[in-house]
Amino acid sequence: MQNTSPPAPSGGVQSLERAFDLLERMADAGGEVGLSELSGASGLPLPTIHRLMRTLVSCGYVRQQPNRRYALGPRLIRLGESASRLLGTWARPYLARLVEETGETANMALLDGDEVVYVAQVPSRHSMRMFTEVGRRVLPHSTGVGKALLAHTPDEQVRALLARTGMPAATEKTITTPEGFLDALAQVRAQGYATDDNEQEVGVRCIAVSVPDSPTSAAISISGPAGRVTDTATDKFVPLLQEIAADLSTALANNGATAQ
């Protein structure tokens, strides 16, 4: 069987790289897998995977289920929460640029499991402004950031997510069918940005774009009253959002490179 694991960078510790590769493959598979599935996906022999998983279990990063399958462990939650806070800290200067140039509230959100979680915000200076608490979790089907985050996810995975979460209507304009949401994602891919047009909250519009090549799926957005975030404003804001998302992507890549 051909090994499909990424080659080890010069000077890397192979066992450590393999362990992280397995954790990422578990996350891609929904958080729970069997050894044979990991072997097939990674190309590593079963004894190697078993040894790595035994170490990860003993450290608390993986746990073994009663059915003998392996699931991501609770110690990863602490790491993820800390990383999300740090990512939000890095993003704040870029969100501040968005506020300065658009006048509207700027947000950054990540996809955490089946939910969208907001990790950073810089509020508008307007007296009438949008506010989303950092740490707030929402379902992706009614938000611009949710559409941006899921736009390039395969349709079957999107359908499975929607089946797990349901599609409750937050307003009369919320998309409540899988077909309608998949059509919206196709539109996001075609136009390069996502919108929430009174779908999460009446009177509020949001424009969102994904952060390209982010180490975890991330999106940034601006939101404001529908009377200010008009179609004309959208035409002006979208190129700015895309530019700042690209700049943030570069900054995140450079931060990662400093550890090498």
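Our structure's up above, just so we're on the same page.
These notes cover the structure that comes with them. (Residues numbered from 1 in each chain as written. Predicted model: local features only at pLDDT ≥ 70, side-chain atom pairs only at ≥ 80, totals over all residues. Heavy atoms only, no water.)

1. As for the nonpolar core
Next, step 1: Counting residues in each nonpolar core, the largest one holds 31 residues, and the members touching the most others are L95, L98, M108, I207, I220, I222 and L248.
Next, step 2: If you list the elements that add at least two residues to this core, you get α4 (75-102), β4 (105-112), β5 (115-122), β8 (204-210), β9 (218-225) and α8 (231-257).
Next, step 3: Considering every element that reaches this core, the biggest residue donor is α8, with ten residues.
Next, step 4: In contact with I222, not counting residues within four places along its chain, are L98, T102, E104, T105, A106, R205, C206, I207, V229, F237 and L241.
Next, step 5: Within the second largest apolar cluster, 14 residues are counted, among which are A19, M26, L35 and L38. (Core = buried A, V, L, I, M, F, W, Y, C linked by side-chain atoms within 4.5 Å. Buried < 20%, exposed > 50% of the residue type's maximum accessible area, 1.4 Å probe, protein only. Helix = DSSP H or I, 4+ residues; strand = E, 2+ residues; numbered from the N terminus. Contact = heavy atoms within 4.5 Å.)

2. Overview of helix α1 (residues 14-28)
Next, step 1: Across its 15 residues, α1 extends 21 Å between first and last C-alpha, which sits within 8% of the 21 Å expected from 1.5 Å per residue.
Next, step 2: Buried residues of α1: A19, D21, L22, L23 and M26, and no others. (Expected span 1.5 Å × (residues − 1).)

3. A few points about the sheet that holds strand β2 (residues 62-64)
Adjacent strands of a sheet form backbone hydrogen bonds with each other and so pair up, either parallel or antiparallel.
Next, step 1: One open sheet holds the three strands; their spatial order is β1-β3-β2, and the pairing between them is antiparallel. Each having just a single partner strand, β1 (32-33) and β2 make up the two edges of the open sheet.
Next, step 2: With three bridges joining them, β2 and strand β3 (residues 70-72) adopt antiparallel strand pairing. Bridged to Q64 within β3 is Y70.
Next, step 3: Against the sheet, helix α3 (residues 46-59) touches β2 and β3, its axis set at about 105° to β2. (Pairing = 2+ DSSP bridges. Axes fitted to C-alpha atoms, helices over the stretch in contact; angles between N-to-C directions.)

4. Quick word on the pattern of salt bridges
Next, step 1: Per the counting criterion, the structure on display carries 15 salt bridges.
Next, step 2: One salt bridge in this structure joins K147 and E199, with 2.8 Å as the shortest N-O distance. Separated by 52 residues along the polypeptide, K147 in helix α5 (residues 144-150) and E199 in the loop between β7 (194-197) and β8 bring together distant segments of the chain. With respect to burial, K147 and E199 carry one shared label: buried.
Next, step 3: Put simply, K173, D197, R205 and D231 are held in one network by salt bridges that share partners. (Salt bridge = Lys/Arg side-chain N within 4 Å of Asp/Glu carboxyl O.)

5. Comments concerning the sheet that holds strand β6 (residues 137-138)
Next, step 1: The antiparallel open sheet is built from six strands, whose spatial order is β6-β5-β4-β9-β8-β7. Two strands in the sheet have a free side with no partner beyond their single neighbour: β6 and β7.
Next, step 2: Across seven bridges, β4 lies against β5 in antiparallel orientation. From the neighbouring strand, D112 faces β5, where its bridge partner is E115.

6. Focus on a nonpolar patch on the surface
Next, step 1: Judged by side-chain polarity, V13, L16 and F20 come together as a nonpolar surface patch covering roughly 300 Å² of accessible area.
Next, step 2: Relative to the elements of secondary structure, L16 occurs in helix α1. (Patch = residues over 30% accessible without salt bridge, like charges linked within 9 Å, V, L, I, M, F, W, Y side chains within 5 Å. Areas by Shrake-Rupley, 256 points an atom, 1.4 Å probe, with all protein chains shown as cover.)

7. Focus on the packing of helix α2 (residues 35-42) against α3
Between two packed helices, the angle of one axis relative to the other and the distance separating the axes together describe the packing.
Next, step 1: At their nearest, the axes of α2 and α3 sit 9 Å apart, and the two run at 115° to each other. Relative to α3, α2 is oriented so that their crossing is right-handed. Packed against α2, whose contacting residues are L35, S36, L38, S39 and S42, the element α3 presents L46, I49, H50 and M53 at the interface.
Next, step 2: A class-by-class count of the residues in the contact of α2 with α3 yields five nonpolar, four polar and no charged. (Left-handed = near helix turned anticlockwise from the far one by under 90°. Nonpolar A, V, L, I, M, F, W, Y, C, P; charged D, E, K, R; others polar.)

8. Examining the pairing of β8
Next, step 1: By the criterion of burial, β8 is predominantly enclosed, with six of the seven residues buried.
Next, step 2: Judged from the four bridges that link them, β7 and β8 form a sheet pairing that is antiparallel. Each bridged residue has a counterpart across the sheet, and for A194 the counterpart in β8 is A208.
Next, step 3: The antiparallel hairpin formed by β7 and β8 contains six residues in its connecting segment, where N198 sits at a positive phi of about 65°.
Next, step 4: Note that β8 and β9 share seven bridges and pair antiparallel. Bridge pairing in β9 places A208 opposite S221.

9. Section: the packing of α1 against α3
Next, step 1: Two elements in contact, α1 and α3, have axes whose closest approach is 10 Å; the angle formed by their N-to-C orientations is 85°. One element, α1, and the other, α3, form an angle in the roughly perpendicular class. Mapping the contact onto sequence places S15, R18, A19, L22, L23 and M26 in α1 and T48, I49, L52, M53 and L56 in α3.
Next, step 2: Residue composition of the contact of α1 with α3, grouped by class: eight nonpolar, two polar and one charged. (Parallel < 35°, antiparallel > 145°, perpendicular 65-115°, else oblique.)

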